[in-house]
2 protein chains.
Amino acid sequence: MNYNAHSIAMMESRIRSRFINSLSGFKSANLIGTSDLEGNENLAIVSSAFHLGSTPPLMGLIIRPSSVERHTLQNILATKCYTINAVSHDFLASAHQTSARYSKLESEFEKANLTPYYISEFNAPFVRESPLKLAMNLVDHQTLAVNGTEMVIGEIQNVLVSDTAVMPDGYVDVEALDIVTVSGLDSYHITQRIGRLSYAKPDQKLHPLTKEGEPSSWDAFGLSNFNR
Amino acid sequence: MNYNAHSIAMMESRIRSRFINSLSGFKSANLIGTSDLEGNENLAIVSSAFHLGSTPPLMGLIIRPSSVERHTLQNILATKCYTINAVSHDFLASAHQTSARYSKLESEFEKANLTPYYISEFNAPFVRESPLKLAMNLVDHQTLAVNGTEMVIGEIQNVLVSDTAVMPDGYVDVEALDIVTVSGLDSYHITQRIGRLSYAKPDQKLHPLTKEGEPSSWDAFGLSNFNR
C-alpha cells in the first residue's frame, strides 16, 4: 500500500498521529527527571532521546512545548540539569502513567508510585527503579523552525548502571537490564538479541559477535540472503 | 556503579564510543537511500532517525560528516530527497554491511546484495527488501554547534507498507513486519510485544490494549507495583 502526502493529510488527526509516530520504528523509553527552583519534582516519559556523540558524551531530546512535557522543559531551562532514566519491564505502567496531564505542583513520582533518588552535587531527581540512570547538564537548546518543537542537548555527567551489564569492550547490555522499547505512542516490547555484528569493512566478510564482543557463529542469525 | 565525567573521559576511545552509544537504549535501524545528480546510488545504515511531528509529518536524522554517512549527506543536500527503509531480520547482515567505507562510485546496494526500487516521480532509491519504506523530501538542515554533527529534517511524502500491518486506529505493527531494533553500535534484537497501554489521564487507571487498540487484560504485563 502506498500512502501519499494527500492520503496522510486526510487522515483523522489522532489516527495520523498514531500512524506517523509508528514510522520511526522502535524507540527508547526514558523518564526525564527534573525539579523546579523550589524543588518541586517532575517526571515525564519520552521516546525521543537520541545519541549525538561520544566525545564529549552528548544526547538530544525532542520536547513538544504544548504537551505534558512542558513542565520538563521549563525545569530544564531553569535549573540547567535533568536525568534520563531507562524504563524497564517491572515499572512500565508507572512510567506510562507519567504522561497524564498533571498540574505543575503534583509530582508524577507520587502519582505514578515511583521513587525519587539523588546523588550528591546533582540537583535533579533520578528514578530509583530504573536500571540505567544518566545525569545530564544542559549544553544547548533551540526551538526548531519547522514546527516549533524544542530540541534539548545535554552532556552526560554520570552514568549509574550495574557493572555486570557493562561488557569488556564498552557495550552496555541493555537487554539484560530488562529495558523495554516502545513503538508508536503506546506499544511496549521486550527484546531478544539476535547477535552483535563485527565492524564492517569493504571486501571483508562480517562475522557475528557474542554480547561480550567475542567472535561467534552464524547459526543464531538464520539468514539466507547474505554472503556468509 | 557510578561512571562520572572523568572516568568516561579516561576510557579508551573505542570503548567510550561503544559505551556512550549504548546509553540511549533501543534504537531504530534504517537504511537511508540516496543518489547523486548522476544517478549513482548510495545506501547507509543509521540508528538516528527520530519522530519530530505528525502535522506536517516530519522526521529527523543525525549524520556524522566525517563518517561513512558523508556520501548520504552530500546526496541529500544535492537532490533534496532520500528514502528511509526499516531493517528487518532477513536482511540484517546486508544492512550492517552498508556501514563499510566504500568509495563514492561503489553502490552499497550491489556490495551488500540489496535491490534498488523506484516509484514514479521520486528520484531516490528505496530498498525493495524493506517492509516499511518512506519517501522523504528535505525541509531543513543544520550543523549542530555543539559537535559539528549534521541534523537533517525531512517531510514524509510516501509510506510504502503492507495494509495488514496498519491497525484500525492508525498504529503500525512494526513487530509483525519483523523489523529489528539496535542497541549500541552493533547489537541487533527482535521484539516481543508486552502490550499497548491506554491514553493516561490523572486519577484514572490505565488499561492495556490489544495491538488493534481494543481494551485488553492485565495478565500479559505481569506487573507487581502498579495501581491495577
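As a starting point, this report considers the structure included with it. Source: prediction; values computed, not measured.

Definitions and limits used
- Residues numbered from 1 in each chain as written.
- Chains lettered and ligands numbered in written order.
- Predicted model: local features only at pLDDT ≥ 70, side-chain atom pairs only at ≥ 80, totals over all residues.
- Heavy atoms only, no water.
- Helix = DSSP H or I, 4+ residues; strand = E, 2+ residues; numbered from the N terminus.
- Buried < 20%, exposed > 50% of the residue type's maximum accessible area, 1.4 Å probe, protein only.
- Contact = heavy atoms within 4.5 Å.
- Areas by Shrake-Rupley, 256 points an atom, 1.4 Å probe, with all protein chains shown as cover.
- Lys, Arg positive; Asp, Glu negative; His and termini not counted.
- Charge placed at Lys NZ, Arg CZ, Asp CG, Glu CD.
- Buried area = accessible area lost by both parts, 1.4 Å probe.
- Salt bridge = Lys/Arg side-chain N within 4 Å of Asp/Glu carboxyl O.
- Nonpolar A, V, L, I, M, F, W, Y, C, P; charged D, E, K, R; others polar.
- Least-squares fit on C-alpha atoms with pLDDT ≥ 70 in both.
- Phe/Tyr/Trp six-rings, centres within 6.5 Å; stacked < 30°, edge-to-face > 60°.
- Lys NZ or Arg CZ within 6 Å of the ring centre and 35° of its normal.

**A short note on the overall build of chain A**
Next up, step 1: Helices and strands together make up the secondary structure of chain A, namely five helices and 14 strands.
Next up, step 2: For chain A, the C-alpha atoms occupy an extent of roughly 60 × 50 × 30 Å along the three principal directions.
Next up, step 3: Counting every position in chain A, which comprises 228 residues, the buried fraction comes to 60%.
Next up, step 4: Once local pairs closer than 6 in sequence are excluded, the contacts in chain A between residues at least 24 apart make up 56%.
Next up, step 5: Summing over all exposed atoms, chain A offers an accessible surface of approximately 8800 Å²; the carbon and sulfur share of this is 49%.
Next up, step 6: With 18 positive and 24 negative side-chain charges, chain A shows a spacing of 7 Å between the two charge centroids.

**Regarding the interface of chain A and chain B**
Next up, step 1: Facing the 105 residues of chain A at the interface are 105 residues of chain B.
Next up, step 2: Across the interface of chain A and chain B, roughly 8900 Å² is buried in total on both sides, 59% from carbon and sulfur atoms.
Next up, step 3: Counting across the interface, chain A meets chain B through four salt bridges.
Next up, step 4: Of the charged contacts in the structure, one is a salt bridge between D169 of chain B and R18 of chain A, with a shortest N-O distance of 3.7 Å.
Next up, step 5: Looking at the side of chain A that touches chain B, the element that brings in the most residues is strand 13 (residues 187-197) of chain A, giving eleven residues.
Next up, step 6: Among the residues forming the side of chain A that touches chain B, the class breakdown is 52 nonpolar, 36 polar and 17 charged.

**Thoughts on the pattern of salt bridges**
Next up, step 1: Counted according to the given criterion, the structure contains 17 salt bridges over all chains.
Next up, step 2: When the shortest N-O distance is used, the salt bridge between R196 of chain A and D169 of chain A registers 2.8 Å. With R196 of chain A in strand 13 and D169 of chain A in the loop between strand 11 (150-161) and strand 12 (181-183), the pair connects residues that are 27 residues apart, well separated along the chain.
Next up, step 3: Classification of D169 of chain A as buried rests on a relative accessible area of 13%.
Next up, step 4: Ionic pairing is found between R14 of chain B and E12 of chain B, a salt bridge with its closest N-O pair at 3.2 Å.
Next up, step 5: What makes R14 of chain B exposed here is its relative accessible area of 56%.
Next up, step 6: Within this structure, R18 and D186 of chain A together with D169 and R196 of chain B form a network of salt bridges that share partners.

**Some points on the relation of the copies chain A and chain B**
Next up, step 1: Here chain A sits on chain B after a turn of 180 degrees about the axis and a move of 0.0 Å along it, with an RMSD of 0.0 Å. Look at the turn and shift together and you get a two-fold axis relating the two. Proximity to the rotation axis, assessed at the C-alpha, singles out T191 of chain A in chain A; its C-alpha lies 2.1 Å from the axis.
Next up, step 2: An overlap of 100% is found between the interface residues of chain A and their copies at the interface of chain B, pointing to a shared contact surface.

**Observations regarding unusual backbone geometry**
Next up, step 1: Cis geometry marks the peptide bond from T55 of chain A to P56 of chain A, where omega comes out at 0 degrees.
Next up, step 2: Among the structural elements, P56 of chain A can be located in the loop between strand 5 (50-54) and strand 6 (57-63).
Next up, step 3: Positive phi, close to 55 degrees, is recorded for D203 of chain A, a residue that is not glycine.
Next up, step 4: Accessibility expressed as a relative area gives 67% for D203 of chain A, which makes it exposed.
Next up, step 5: Its identity is not glycine, yet D178 of chain B carries a phi of approximately 60 degrees, on the positive side.
Next up, step 6: With respect to the helices and strands, D178 of chain B occurs in the loop between strand 11 (150-161) and strand 12 (181-183).

**Describing helix 3 (residues 70-79) of chain A**
Residues and elements named next belong to chain A.
Next up, step 1: Among all positions in helix 3, only H71, T72, L73, N75 and I76 are buried.
Next up, step 2: Looking at the buried residues of helix 3, the elements they touch are strand 3 (30-35), strand 4 (41-46), strand 6, strand 7 (81-86), strand 10 (132-143) and strand 11.
Next up, step 3: The positive-phi residue at the C-terminal boundary of helix 3 is K80, with phi of around 65 degrees.

**Here we look at the packing of aromatic side chains**
Residues and elements named next belong to chain A.
Next up, step 1: Applying the stated criterion to the full structure yields seven aromatic pairs over all chains.
Next up, step 2: Between Y3 and F19, the aromatic rings sit 4.9 Å apart at their centres with planes inclined by 55 degrees, giving tilted as the arrangement. Placement of the pair is Y3 in strand 1 (residues 2-4) and F19 in helix 2 (residues 13-22), with a sequence separation of 16 residues.
Next up, step 3: Under the relative-accessibility criterion, Y3 is labelled buried at 11%.
Next up, step 4: When its relative accessible area of 0% is taken as the criterion, F19 is described as buried.
Next up, step 5: A network of ring pairs unites the aromatic residues Y117, F122 and F126 as a single cluster.
Next up, step 6: One cation-aromatic arrangement involves K133 over Y117; the distance from NZ or CZ to the ring centre is 5.7 Å.

Function cannot be inferred from these measures alone, as they are strictly geometric.
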